[in-house]
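Report on the structure
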Amino acid sequence: GPPDGGWGWMIVAGCFLVTICTRAVTRCISIFFVEFQAYFGQDYARTAWIHSIVDCATMLCAPVGSLISNHVSCQVGIMLGGLLASTGLILSSFATTLEHLYLSLGVLTGLGFALCYSPAIAMVGKYFNKRKALAYGIAMSGSGIGTFILAPVVQLLIEQFSWQGALLILGGFVLNLCVCGALMRPISLKEDHKTVPEFLEQDHVPETEKKDLKRMSICSPLIKVWSRECLCYCSWKEYDFLLMPGFMVLAVSVLFMAYGCSPLFVYLVPYALSVGVSHHQAAFLMSILGVIDIIGNITFGWLTDRRCLKKHRYFCYLFAVGMDGLCCLFLPVLKNFPLLVPFSFTFGYFDGAYVTLIPVMTADVVGTSSLSSALGVVYFLHAIPYLVSPPVAGWLVDTTGSYTASFLLCGFSMIFSSTLLCFARLAKKIKKTHLLSLTSDTGMKQDMWTNGAIAYSVTAELDQKDVEFLAVDANSCRNR
């Protein structure tokens, strides 16, 4: 099983640095928003595409990062991503048009971040089980710490060296991703071998043929029929979680959550400037949001690892998402710096809370063996909302002349995400209660069946997992 310590803490440190160089740098791009708008003379909607494309490329290409991590090496993927991200930022410092920034800062840097982000997060899940939420809390706090430190630093760099110089320096900074990649020592777990087809385990298959199969290329024209079936089976098992009802509900809720959370990081600084807050105070709001994000990461990670809350992680997650939605709804009435400070505290805390629990919940749904692929899909689902929501919010600002409609849409989207998860859990609980009642009603018939299948005719309409649930429940009743 996972070591729950040892080199795992170095993996946490590496993931911590990855989140600083990816998510914190992405958040700080919003500080360039006003500079880009003034330099290129464009409206809110067109300028917002820069941040949208970075976020979209990072999430859209997350499965590519998982693929490289699974089939080549996590270390290779993160190092390659660091080189691409650094190249994108350096090329952006020479931009003369917004379209140049769309390609260099948006696509190239976003692709580099994608190759680093999901593999690093998945590695933490492989090294930790009992203290998984705490480990993720520390690792994901890099986003908040990085935002707290980088926001005022980036503002200072812009004032001293212009936005071009600031991007050039950030390009050198994200090269540290290559160092983070070197820390990601691979680990082999028993769960990783559960997807091997049963016929490979049969005694009549010679051991030499088993070894040859593992060494065969998936593209080899000489591959045998049964080995092709094996490879197809393994490929399918890598993504069979896509048909799990629990994962489907999580995926839909992630779409609405991602739509709601993205515009705030783009428009918090411009909104603060529009209500009369100074540039330094606006950057300080991002710093507050970042440092409180850290507290949310670590405290929620620690709390949900406690025995009393461990089984309630699901409700902790939906509560945090719902609270962030409420914060967005109240933001349009906050018109000065003293009122925006409590907003940054509250939103930052619950943002850190639910970000920590995303990989934990994903692992609880799909298991550790499929975590890397599942996280790739989860972050892939962030892509379209991240691409669409900031420009839509910018269009609403351009059309209405205020930020109210944009922030209300964000708030209702996150509240809907939380409500969807709540109703899904209630439906699951009702179904489980119904199954228990069926078990008690058919208790007299169970002794007459000799094959031990307690749901032979009564639960013909139920799926296989429900049958297994009834069997386990019946055995526990007999033991009592």
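Residues numbered from 1 in each chain as written. Predicted model: local features only at pLDDT ≥ 70, side-chain atom pairs only at ≥ 80, totals over all residues. Heavy atoms only, no water.

- In the nomenclature of an unreviewed UniProt entry, the protein chain is known as Monocarboxylate transporter 12 of Furnarius figulus.
- According to UniProt, the comment filed for the protein chain under the heading Function (unreviewed entry) is "Functions as a transporter for creatine and as well for its precursor guanidinoacetate. Transport of creatine and GAA is independent of resting membrane potential and extracellular Na(+), Cl(-), or pH. Contributes to the process of creatine biosynthesis and distribution." (UniProt positions renumbered as here; feature names shortened; annotations may be inferred.)

1. Observations concerning the overall build of the protein chain
- When helices and strands are tallied, the protein chain shows 20 helices and zero strands.
- Residue burial in the protein chain is summarised as follows: out of 480 residues, 52% are buried.
- Within the protein chain, contacts between residues at least 6 apart in sequence are counted, and of these 82% link residues at least 24 apart.
- Accessible area for the protein chain stands at about 21,300 Å²; split by element, carbon and sulfur atoms hold 67% of it. (Helix = DSSP H or I, 4+ residues; strand = E, 2+ residues; numbered from the N terminus. Buried < 20%, exposed > 50% of the residue type's maximum accessible area, 1.4 Å probe, protein only. Contact = heavy atoms within 4.5 Å. Areas by Shrake-Rupley, 256 points an atom, 1.4 Å probe, with all protein chains shown as cover.)

2. Structural notes on the pattern of salt bridges
- Evaluated as defined, the whole model comprises four salt bridges.
- For the salt bridge of Asp-55 with Arg-23, the shortest nitrogen-to-oxygen distance reads 2.9 Å. Note that Asp-55 is positioned in helix α3 (residues 44-60) and Arg-23 in helix α1 (residues 8-28), a separation of 32 residues in sequence.
- What makes Asp-55 buried here is its relative accessible area of 3%.
- Within the structure, one salt-bridge network assembled from shared partners comprises Arg-27, Asp-293 and Asp-351. (Salt bridge = Lys/Arg side-chain N within 4 Å of Asp/Glu carboxyl O.)

3. With respect to the packing of helix α4 (residues 62-71) against helix α6 (residues 98-127)
- Packing of α4 against α6 brings their axes to within 7 Å, and their N-to-C directions diverge by 65°. The handedness of the crossing between α4 and α6 is right-handed. Within the contact between the two elements, α4 uses Ala-62, Val-64, Gly-65, Ser-66, Ile-68 and Ser-69 and α6 uses Ala-114, Leu-115, Ser-118 and Pro-119.
- Among the residues making up the contact of α4 with α6, the classes are represented as six nonpolar, four polar and no charged. (Axes fitted to C-alpha atoms, helices over the stretch in contact; angles between N-to-C directions. Left-handed = near helix turned anticlockwise from the far one by under 90°. Nonpolar A, V, L, I, M, F, W, Y, C, P; charged D, E, K, R; others polar.)

4. A few points about empty space enclosed by the protein
- Applying the stated rule across the entire model yields four cavities of 30 Å³ or more.
- Of the volumes computed, that of the largest cavity is approximately 260 Å³.
- Lining the largest cavity are 19 residues, with Arg-23, Arg-27, Cys-261, Val-355 and Tyr-386 sitting closest to its centre.
- Here the lining of the largest cavity is built from residues that sort into 11 nonpolar, four polar and four charged. (1 Å grid on protein atoms, 1.4 Å probe; cavity = no way out; pocket = protein on both sides within 12 Å on 5 of 7 lines; lining within 4 Å. Points joined across faces, edges and corners; volume = space filled by probe spheres on them.)

5. Things to note about the state of the cysteines
- Evaluated as defined, the whole model comprises zero disulfides.
- Cys-21 provides the cysteine sulfur closest to Cys-180, a residue in no disulfide bond, and the two sulfurs are 5.4 Å apart.
- Unpaired in this structure, Cys-327 has its nearest cysteine sulfur neighbour in Cys-328, at a distance of 7.0 Å. (Disulfide = S-S within 2.5 Å.)

6. Concerning the side chain of Thr-22
- Structurally, the position occupied by Thr-22 is in helix α1.
- Judged by its relative accessible area of 0%, Thr-22 falls in the buried class.
- A polar atom in the side chain of Thr-22 sits 2.7 Å from the backbone oxygen of Val-18.
- When near neighbours in sequence (up to four residues on either side) are disregarded, Thr-22 contacts Phe-113, Cys-116, Tyr-117 and Leu-177. (Polar contact = N/O pair within 3.5 Å; in protein donor to acceptor, adjacent residues only side chain to side chain.)

7. Some details on unusual backbone geometry
- Although it is not a glycine, Ser-162 adopts a positive phi angle of roughly 70°.
- For Ser-162, a relative accessible area of 31% corresponds to the partly exposed category.

8. Considerations on the environment of Ala-57
- Looking at the element boundaries, Ala-57 is found in helix α3.
- With relative accessibility at 9%, the residue Ala-57 sits in the buried group.
- Linking Ala-57 and Phe-380, residues 323 residues apart in sequence, is a C-alpha distance of 8.9 Å.
- The contact partners of Ala-57, leaving out residues within four places of it in the chain, are Gly-106, Val-107, Gly-110, Leu-111 and Ala-114.

9. Regarding the nonpolar core
- Phe-32, Phe-36, Val-124, Tyr-317, Tyr-354 and Tyr-379 are the most contacted members of the largest nonpolar core, which has 124 residues in total.
- When residues no more than four places from it in sequence are discounted, the contact partners of Tyr-317 are Val-254, Met-257, Tyr-354, Leu-357, Ile-358, Met-361 and Leu-421. (Core = buried A, V, L, I, M, F, W, Y, C linked by side-chain atoms within 4.5 Å.)

10. Considerations on the confidence of the model for the protein chain
- Per-residue confidence for the protein chain gives a mean pLDDT of 78; residues scoring 70 or more make up 80%.
- Model confidence for the protein chain, summarised as mean pLDDT per element, is weakest for helix α9 (residues 207-215) at 44 and strongest for helix α5 (residues 74-92) at 92.
- Scored below 50 in pLDDT, residues 194-234 shows 29 contacts in the model against residues more than four places distant or in partner chains.
- For residues 444-474, every residue scores under 50 in pLDDT, and the model assigns this stretch 35 contacts once sequence neighbours within four places are set aside. (pLDDT = per-residue confidence, 0-100.)

11. Points about the packing of aromatic side chains
- Counted according to the given criterion, the structure contains 20 aromatic pairs.
- Ring centres 6.4 Å apart and planes at 45° place the aromatic pair Phe-36 and Phe-40 in the tilted group. Placement of the pair is Phe-36 and Phe-40 together in helix α2 (residues 33-40), with a separation of four residues, close to one helical turn.
- Classification of Phe-36 as buried rests on a relative accessible area of 2%.
- With relative accessibility at 14%, the residue Phe-40 sits in the buried group. (Phe/Tyr/Trp six-rings, centres within 6.5 Å; stacked < 30°, edge-to-face > 60°.)

12. A few points about the packing of helix α12 (residues 279-303) against helix α15 (residues 337-366)
- Where α12 contacts α15, the axes come no closer than 6 Å and their chain directions differ by 35°. As α12 runs across α15, the sense of the crossing is right-handed.
- Of the residues that constitute the contact of α12 with α15, the class distribution is 15 nonpolar, nine polar and two charged.

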